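Coordinate analysis (summary)
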Amino acid sequence: MNLFHRPRCLAARWQLLGIVALLAISTGGCKEKAAEDASEQANATLERTASDTATGLEASNQENRQVAVESNAASASHATHGVVLNDVTKQSQIDFVHWYDGGGELLIVEPVASGMATLDYDRDGWIDCYFLNGAAVPFDTARTVANGLYHNRRDMRFQFVTAPAHADDRRHSLGVGVGDYDCDGFPDLYVNNFGGNSLLRNNGDGTFSDWTEIAQVGGGERLGAGVCFFDADGDGLVDLYVGNYVKSPIETNVKRTTDGFPSYPGPLDFQPDVDFFFYNNGDGTFSDRSESSGIGLVATTSMGVIAGDFDDDGDSDLIVVNDVDRNVLFLNDGTGQFEEIGIQAGVAFSYDAQRNGNMGIDSADFNADGFLDLYTTTFSNDVPVLYRNDGFGSFEDVTQATNAGDGMMPHANWGTSFLDLENDGDKDLIIANGHTSPNVNRWAFNTAWKVANTLLMNDGRGRFTNISSTSGSGLAPVESSRGLVTDDFDNDGGVDIIILNALATVTAIHNESHSNQSTSTGSNHWLQVELVGRNSPRDGIGARVSFELDGRKFIDEVRGGRGYQSSYGQRLYFGLGRSQSIPELAIRWPDGTRQTLTEVPANQLLTIIQPAE
C-alpha cells in the first residue's frame, strides 16, 4: 500500500474540514501517562551520565558568573519596559540533560552540539519539544544517551516520552528540521548527526518510525549541521537541505593550545564539506540532487540554515551561515536550481569584509518595511550581524546603526530568534551565549564557558536596547547555551523560550509580560496563524502571511529549520499593539495561490486552509 500521497491527491481528506477554521486557543485533550516509570529511569541515567562529565567544570563557575553579570552591564539599571520573563525550568518538569564526551581529546565535534526543535507531534494543539543530545566521540555503543521528546501537558509542564514514542536517536546529534514530508498531517523529524542521519517518520499515533533507509537520506559518515525543510519548486512537497560542517574531524584532528592551555581546534584546521539537497519524489523517497541543483558545488563550514523568499519573487531561497567562512545565499530560480550570490547580495561578510565565526541565523522584518531581514550570531570577539533587506534581496549590515550587538562582543553566540515579547508589533531578539572551552577563563578575561543569555528589545523604530538584566528571572541562569526555540507553549498568547545548554539541563522561560494579558482593557493584542496547504506543503512551509496596520507592514513565513541548527515557530506570531482586528490579511502559498481574509479579529489562533482548486 502506498502511504504517501501528493497534496493534489488529498481532496478526500479535506471533506470534513470544509472552509477556513477560526479556532480560538482552548483547552485540549488529556494525554496518557504510558511508560512514566520507564521515562523516569531513562532520565535518571541521563542525569547521572551528564553529571559525571560535568565534574571538574564547577571550579570555574564563580568566575563564569562574575563575567556573566558584567556582560549585561550595558542594560538599564531599572526596568522601563513591560517585558517579564520568568524561569520555570523546575515547574516545566523537563529533566533532559545534554551530554557529550570526547575522552579528553578536545575534538571539534564536541562543543558544537546541539540544536533542538518544537512540533505538535500528536496534533493536540499544544506544542511539544525535541532536544538533541551528544554522544561518546568516537562513537561507543556502550556509552550512548538518547535525544529527548517531551510531550506538552499544558501550563508549561512537559512529560518525557522518548521511549514510548520511539524517537530516540542515540548518535551525536547536531541539527534538526521539522516538516511533513509525506503530507499526512503529522510533522516528521530529520536529525543531522556526526555519522549517519535519521529521518523519523511520524506515524500519526504518537510514535515515530525510522524511515532513513527507505527514504534514502542517510547522508553517510559526515559531521552534520543545520537542517531545513522547504519546497524548492512549488510542487507542494517539502524537500530537504542538510548542512555539513568539516571533513574527517576525527582522523585529521589537530592539537591546539591557547596561551599554553589546551583548547579546541577551529574550522580552519579542517577541510570544509559540501551540503546535501534531497529532492522529494512524492513516493516516500528522496533523490540526491546536490550537484545538479548547484548546491553541492560549494564547500563551506555550514552551521545554521534558513529558507525564505528573500528577493520577493515567489519562491524559497536559502541562506547558510558558515564558521570563519563566507555566508552563502542560494538564489532559487523557482525550479529548484540555485545560484550562489552571497557576495553580490551583501550577506557573505560583515560590513568590514570580515569572515565571522557564524553560528545561528533567523529572519524577520525588524523595521516593518515589508522585507525579510536577517540576524546571524557569531563566535567570541566578533559581533552578531543584523542584515537589513533593502529590497528584493539586497542586504546591508546595520548592526552598529541599530545597536543590535549590544553587550555581546566578548562572547560566543549560538541560537537566536526574533520574537515580539510584548505583542507591541516590534520584533525583539533573544540570543544564546556560551564558549566552547570550559577553561576559557584561563586565557580570556572578558568571557567564560558559562555566560548569561542576551535579550535585545526593539524600540519600535528599529533600534535595540539590551534589557537582559531587567527582564525577570528567565535571563538569570548562567550556562553554556546552544540551541534555543521560541513558541507559545501554554497557549496564552505570549511567546515563550526554551534553551538547550551544553553539558547541563535546559532553561525553560515563561513570558509573563504584562502586555500579553490581552483581555485586560488597554493591553496589547495578538494573532497566531497556522497554515494548512492543499496544493502547497501540508504544514504550510514556505507560505507567507502579510498585512498592514496603522501604516506598518507585517510579514512572516512558515519555516522548517532556523536558529542554531534548530527548528521552531511553524505557527506564525504577530503582536498587534492596540489594534483589535486586521482589516485585510493576505496569504501567498508556495504554489502561487493567493488568499485574502478580511476583518480578522485579534486574540486567537487562526487556522487557515488553502482553498481548493
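Residues numbered from 1 in each chain as written. Predicted model: local features only at pLDDT ≥ 70, side-chain atom pairs only at ≥ 80, totals over all residues. Heavy atoms only, no water.

**Some remarks on the overall build of the protein chain**
Per the secondary structure count, the protein chain includes eight helices and 42 strands. Taken over 613 residues, the protein chain has a buried fraction of 64%. Taking all contacts inside the protein chain whose residues are at least 6 apart in sequence as the whole, residues at least 24 apart take part in 64%. About 21,400 Å² of surface is accessible on the protein chain, with carbon and sulfur atoms providing 49% of the total. (Helix = DSSP H or I, 4+ residues; strand = E, 2+ residues; numbered from the N terminus. Buried < 20%, exposed > 50% of the residue type's maximum accessible area, 1.4 Å probe, protein only. Contact = heavy atoms within 4.5 Å. Areas by Shrake-Rupley, 256 points an atom, 1.4 Å probe, with all protein chains shown as cover.)

**A word on empty space enclosed by the protein**
The final tally for this structure, using the stated rule, is five cavities of 30 Å³ or more. Here the largest cavity is characterised by a volume of approximately 150 Å³. What lines the largest cavity is a set of 16 residues, and nearest its centre among them are Phe418, Lys427, Asp556, Arg562 and Tyr573. Broken down by secondary-structure element, the contributors of at least two residues to the lining of the largest cavity are β23 (361-364), β27 (413-419) and β39 (572-577). Class assignment for the residues of the lining of the largest cavity results in seven nonpolar, four polar and five charged. Quantified by volume, the second largest cavity comes out at close to 130 Å³. Every residue lining the second largest cavity is counted, 13 residues in all, and those nearest its centre are Asp365, Gly425, Lys427, Lys553 and Phe554. At the level of secondary structure, the elements contributing two or more residues to the lining of the second largest cavity comprise β38 (552-557) and β39. Broken down by element, the residue count for the lining of the second largest cavity peaks at four residues, all from β38. (1 Å grid on protein atoms, 1.4 Å probe; cavity = no way out; pocket = protein on both sides within 12 Å on 5 of 7 lines; lining within 4 Å. Points joined across faces, edges and corners; volume = space filled by probe spheres on them. Nonpolar A, V, L, I, M, F, W, Y, C, P; charged D, E, K, R; others polar.)

**Comments concerning the packing of aromatic side chains**
The tally for this structure, following the rule as stated, stands at 17 aromatic pairs. On the basis of an interplanar angle of 35° and a centroid distance of 6.1 Å, the ring pair of Phe366 and Phe464 is categorised as tilted. Of this pair, Phe366 sits in the loop between β23 and β24 (373-376) while Phe464 sits in strand β31 (residues 464-466), placing them 98 residues apart in sequence. According to the relative accessible area criterion, Phe366 is buried, its value standing at 4%. Judged by relative accessible area, which is 1%, Phe464 ranks as buried. (Phe/Tyr/Trp six-rings, centres within 6.5 Å; stacked < 30°, edge-to-face > 60°.)

**Quick word on the sheet that holds β23**
In spatial order, the strands read β23-β24-β25-β26; together these four strands make up an open sheet with antiparallel pairing. Each edge of the sheet is formed by a strand with only one pairing partner; in this case those strands are β23 and β26 (395-397). Adjacent strand axes in the sheet meet at a mean angle of 20° when their direction is disregarded. (Pairing = 2+ DSSP bridges. Axes fitted to C-alpha atoms, helices over the stretch in contact; angles between N-to-C directions.)

**Structural notes on the pairing of strand β40 (residues 581-588)**
Bridge count for strand β37 (residues 544-549) against β40 is four bridges, and the pairing is antiparallel. Bridging across to β40, Ser546 finds its partner in Ala586. With antiparallel pairing between neighbouring strands as the criterion, β40 and strand β41 (residues 594-601) make up a hairpin whose turn holds five residues, including Gly592 at a positive phi of roughly 100°.

**A few points about the nonpolar core**
Counting residues in hydrophobic clusters, the biggest one holds 36 residues, and the most contacted among them are Tyr190, Leu240, Leu531, Leu585 and Ile608. What Leu585 contacts, discounting residues up to four positions off in sequence, is Leu527, Val545, Ser546, Phe547, Gln595, Thr596, Leu597, Val600 and Ile608. With 34 residues, the next largest nonpolar core counts Val83, Val88, Leu475 and Ala508 among its residues. (Core = buried A, V, L, I, M, F, W, Y, C linked by side-chain atoms within 4.5 Å.)

**What about unusual backbone geometry?**
With an omega of 10°, the peptide bond between Ala113 and Ser114 qualifies as cis. Note on placement: Ser114 falls in the loop between α3 (89-92) and β3 (116-119). Following Val137, the chain continues into Pro138 via a peptide bond in cis, with omega recorded as -5°. Mapped onto the secondary structure, Pro138 falls in the loop between β4 (128-131) and β5 (148-152). Within the chain, Met156 stands out as a residue other than glycine whose phi angle is a positive 60°. Locating Met156 in the fold gives a position in the loop between β5 and β6 (158-160). Judged by relative accessible area, Met156 falls into the buried class, the value being 2%.

**Remarks on the layout of surface pockets**
Empty space within the second largest pocket amounts to approximately 460 Å³. Taken together, 30 residues make up the lining of the second largest pocket; nearest its centre are Tyr264, Pro265, Phe379, His435 and Thr436. Among the elements that line the lining of the second largest pocket, the one with the most residues is strand β13 (residues 256-258), at three residues. Grouping the constituent residues of the lining of the second largest pocket by class yields 15 nonpolar, twelve polar and three charged.

**Let's talk about the pattern of salt bridges**
In total, this model carries 21 salt bridges according to the counting rule given. Here Asp312 ties to Arg544 by a salt bridge, and the two come within 2.8 Å at their closest N and O atoms. Here Arg544 lies in strand β37 and Asp312 lies in the loop between β19 (302-308) and β20 (317-322), a separation of 232 residues in the sequence. In this structure Asp312 comes out as partly exposed when scored by relative accessible area, which is 32%. Looking at Arg544, the relative accessible area reads 8%, which means it is buried. Across the pair Arg544 and Glu557 runs a salt bridge whose closest N-O atoms are separated by 2.8 Å. Pair noted here: Arg544 is in strand β37 and Glu557 is in strand β38, with a separation of 13 residues, a long-range link. (Salt bridge = Lys/Arg side-chain N within 4 Å of Asp/Glu carboxyl O.)

**Regarding the environment of Asp352**
In this fold, Asp352 is placed in the loop between α7 (342-345) and β23. Under the relative-accessibility criterion, Asp352 is labelled partly exposed at 37%. Along the sequence, Asp352 and Asp397 sit 45 residues apart, while their C-alpha atoms lie 9.2 Å from each other.

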